[in-house]
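# Summary of the model geometry
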Amino acid sequence: MNMFRNERGFTLIELMVVILIIGILVAIAVPVFNAARESAYKSTCQANLRTIDGAVETYKASTGNDYPTAATIQATLEPAYMKKWPECPSAGAYLIGAGGGAGATVAPVVSCPGNAGANPNGHSYP
Ligand SMILES: [Zn+2]
(Lines give C-alpha, C1' and ligand atoms only; values in the text may rest on other atoms or scores of the structure.)
Protein backbone atom coordinates (compact mmCIF):
# COMPACT_ATOMS: atom_id res chain seq x y z
CA MET A 1 0.00 0.00 0.00
CA ASN A 2 1.54 3.22 -1.17
CA MET A 3 -1.13 5.74 -0.14
CA PHE A 4 1.25 8.56 1.01
CA ARG A 5 3.71 8.16 -1.83
CA ASN A 6 1.76 9.61 -4.72
CA GLU A 7 4.40 10.64 -7.27
CA ARG A 8 1.96 12.54 -9.47
CA GLY A 9 1.85 15.70 -7.29
CA PHE A 10 -1.16 18.02 -6.93
CA THR A 11 -3.99 18.29 -9.40
CA LEU A 12 -4.95 21.61 -10.91
CA ILE A 13 -8.15 21.66 -8.82
CA GLU A 14 -6.19 21.13 -5.60
CA LEU A 15 -3.81 23.98 -6.45
CA MET A 16 -6.73 26.27 -7.35
CA VAL A 17 -8.42 25.53 -4.01
CA VAL A 18 -5.22 26.36 -2.09
CA ILE A 19 -4.73 29.61 -4.05
CA LEU A 20 -8.40 30.52 -3.46
CA ILE A 21 -8.00 30.01 0.31
CA ILE A 22 -4.82 32.12 0.37
CA GLY A 23 -6.65 34.84 -1.59
CA ILE A 24 -9.54 34.86 0.89
CA LEU A 25 -7.10 35.17 3.83
CA VAL A 26 -5.30 38.10 2.14
CA ALA A 27 -8.63 39.79 1.38
CA ILE A 28 -9.50 39.59 5.08
CA ALA A 29 -6.07 40.66 6.37
CA VAL A 30 -5.39 43.73 4.19
CA PRO A 31 -8.33 45.91 5.37
CA VAL A 32 -7.61 44.97 9.00
CA PHE A 33 -3.97 45.96 8.55
CA ASN A 34 -4.91 49.26 6.89
CA ALA A 35 -7.34 50.13 9.69
CA ALA A 36 -4.71 49.38 12.34
CA ARG A 37 -2.16 51.53 10.51
CA GLU A 38 -4.58 54.47 10.19
CA SER A 39 -5.43 54.16 13.89
CA ALA A 40 -1.72 54.26 14.77
CA TYR A 41 -1.22 57.34 12.54
CA LYS A 42 -4.11 59.10 14.26
CA SER A 43 -2.70 58.33 17.72
CA THR A 44 0.74 59.57 16.65
CA CYS A 45 -0.78 62.77 15.25
CA GLN A 46 -2.68 63.46 18.46
CA ALA A 47 0.45 62.79 20.53
CA ASN A 48 2.41 65.21 18.28
CA LEU A 49 -0.18 67.96 18.78
CA ARG A 50 -0.07 67.36 22.54
CA THR A 51 3.74 67.59 22.44
CA ILE A 52 3.55 70.93 20.59
CA ASP A 53 0.96 72.16 23.09
CA GLY A 54 3.22 71.17 25.97
CA ALA A 55 6.20 72.98 24.43
CA VAL A 56 4.09 76.11 23.85
CA GLU A 57 2.93 76.15 27.46
CA THR A 58 6.48 75.50 28.74
CA TYR A 59 7.72 78.43 26.62
CA LYS A 60 4.93 80.61 28.03
CA ALA A 61 5.77 79.64 31.60
CA SER A 62 9.48 80.31 31.14
CA THR A 63 9.16 83.68 29.35
CA GLY A 64 6.70 85.52 31.54
CA ASN A 65 3.31 84.74 29.97
CA ASP A 66 4.18 85.37 26.31
CA TYR A 67 3.13 82.87 23.71
CA PRO A 68 5.43 82.20 20.74
CA THR A 69 4.40 84.06 17.59
CA ALA A 70 2.80 82.08 14.80
CA ALA A 71 5.46 83.07 12.26
CA THR A 72 8.39 81.87 14.37
CA ILE A 73 6.81 79.17 16.54
CA GLN A 74 8.85 76.31 15.10
CA ALA A 75 12.19 78.15 15.30
CA THR A 76 11.31 79.36 18.81
CA LEU A 77 10.40 75.97 20.25
CA GLU A 78 12.95 73.78 18.47
CA PRO A 79 15.33 72.65 19.94
CA ALA A 80 15.03 74.50 23.27
CA TYR A 81 11.51 73.35 24.15
CA MET A 82 11.11 70.30 21.94
CA LYS A 83 13.82 68.17 20.39
CA LYS A 84 12.31 68.05 16.90
CA TRP A 85 9.24 69.67 15.34
CA PRO A 86 6.92 66.74 14.53
CA GLU A 87 5.03 65.92 11.35
CA CYS A 88 1.73 64.12 10.96
CA PRO A 89 2.54 60.61 9.67
CA SER A 90 -0.39 60.64 7.25
CA ALA A 91 -0.93 64.31 6.37
CA GLY A 92 2.52 65.97 6.60
CA ALA A 93 3.50 69.33 8.10
CA TYR A 94 1.19 70.89 10.67
CA LEU A 95 -0.76 74.06 9.94
CA ILE A 96 -0.05 77.06 12.15
CA GLY A 97 -2.84 79.57 12.59
CA ALA A 98 -2.48 83.24 13.51
CA GLY A 99 -1.98 84.40 17.08
CA GLY A 100 0.61 84.38 19.82
CA GLY A 101 3.29 86.97 20.48
CA ALA A 102 4.07 89.21 23.44
CA GLY A 103 1.01 89.88 25.59
CA ALA A 104 -1.18 87.47 23.62
CA THR A 105 -3.73 85.55 25.66
CA VAL A 106 -4.04 82.63 23.27
CA ALA A 107 -1.39 80.55 21.52
CA PRO A 108 -1.28 80.12 17.74
CA VAL A 109 -3.52 77.21 16.77
CA VAL A 110 -1.49 74.28 15.47
CA SER A 111 -3.63 71.78 13.59
CA CYS A 112 -3.34 68.74 11.39
CA PRO A 113 -3.63 69.44 7.64
CA GLY A 114 -5.81 66.33 7.50
CA ASN A 115 -8.49 68.38 9.26
CA ALA A 116 -8.74 70.88 6.41
CA GLY A 117 -11.71 70.41 4.13
CA ALA A 118 -13.53 67.13 3.97
CA ASN A 119 -10.57 64.84 4.49
CA PRO A 120 -12.00 61.81 6.28
CA ASN A 121 -8.60 60.99 7.76
CA GLY A 122 -8.28 64.28 9.60
CA HIS A 123 -6.98 64.18 13.13
CA SER A 124 -7.79 66.51 15.94
CA TYR A 125 -6.66 67.18 19.45
CA PRO A 126 -7.88 66.46 22.05
ZN1 LIG B 1 -2.63 64.32 11.47
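Below is a summary of the structure that appears in this document. (Residues numbered from 1 in each chain as written. Predicted model: local features only at pLDDT ≥ 70, side-chain atom pairs only at ≥ 80, totals over all residues. Heavy atoms only, no water.)

Along its length, the protein chain carries two helices and two strands. Along the chain direction, N to C, the helices and strands of the protein chain fall in the order α-α-β-β. Out of the 126 residues in the protein chain, the part that is buried amounts to 21%. Pairs at least 24 apart in sequence give 51% of the contacts found in the protein chain among residues at least 6 apart. A total accessible area of about 8700 Å² is found for the protein chain, and carbon and sulfur atoms account for 62% of it. (Helix = DSSP H or I, 4+ residues; strand = E, 2+ residues; numbered from the N terminus. Buried < 20%, exposed > 50% of the residue type's maximum accessible area, 1.4 Å probe, protein only. Contact = heavy atoms within 4.5 Å. Areas by Shrake-Rupley, 256 points an atom, 1.4 Å probe, with all protein chains shown as cover.)

On the surface, Leu12, Ile13, Met16, Val17, Ile21 and Leu25 cluster together to form a nonpolar patch covering roughly 620 Å² of accessible area. Among the secondary structure elements, Val17 is positioned in helix α1 (residues 12-62). The partly exposed category is assigned to Val17, whose relative accessible area is 42%. (Patch = residues over 30% accessible without salt bridge, like charges linked within 9 Å, V, L, I, M, F, W, Y side chains within 5 Å. Salt bridge = Lys/Arg side-chain N within 4 Å of Asp/Glu carboxyl O.)

Our focus in this paragraph is α1. Between its first and last C-alpha atoms α1 spans 74 Å; for 51 residues at 1.5 Å apiece the expected length is 75 Å, and the two agree. Restricting attention to buried positions, one finds in α1 the residues Cys45, Gln46, Asn48, Leu49, Ile52, Ala55, Val56 and Tyr59. Against the buried residues of α1 lie α2 (73-77) and β2 (110-111). Downstream of α1 by a residue or two, Gly64 has a phi angle that is positive, lying close to 75°. (Expected span 1.5 Å × (residues − 1).)

Residues Ile52, Leu77, Trp85, Tyr94 and Val110 are the most contacted members of the largest nonpolar core, which totals 15 residues. Those elements that provide at least two residues to this core are α1 and α2. No other element matches α1, which puts six residues into this core. Not counting the four nearest positions on each side in its chain, Ile52 is found in contact with Met82, Trp85, Pro86, Tyr94 and Val110. (Core = buried A, V, L, I, M, F, W, Y, C linked by side-chain atoms within 4.5 Å.)

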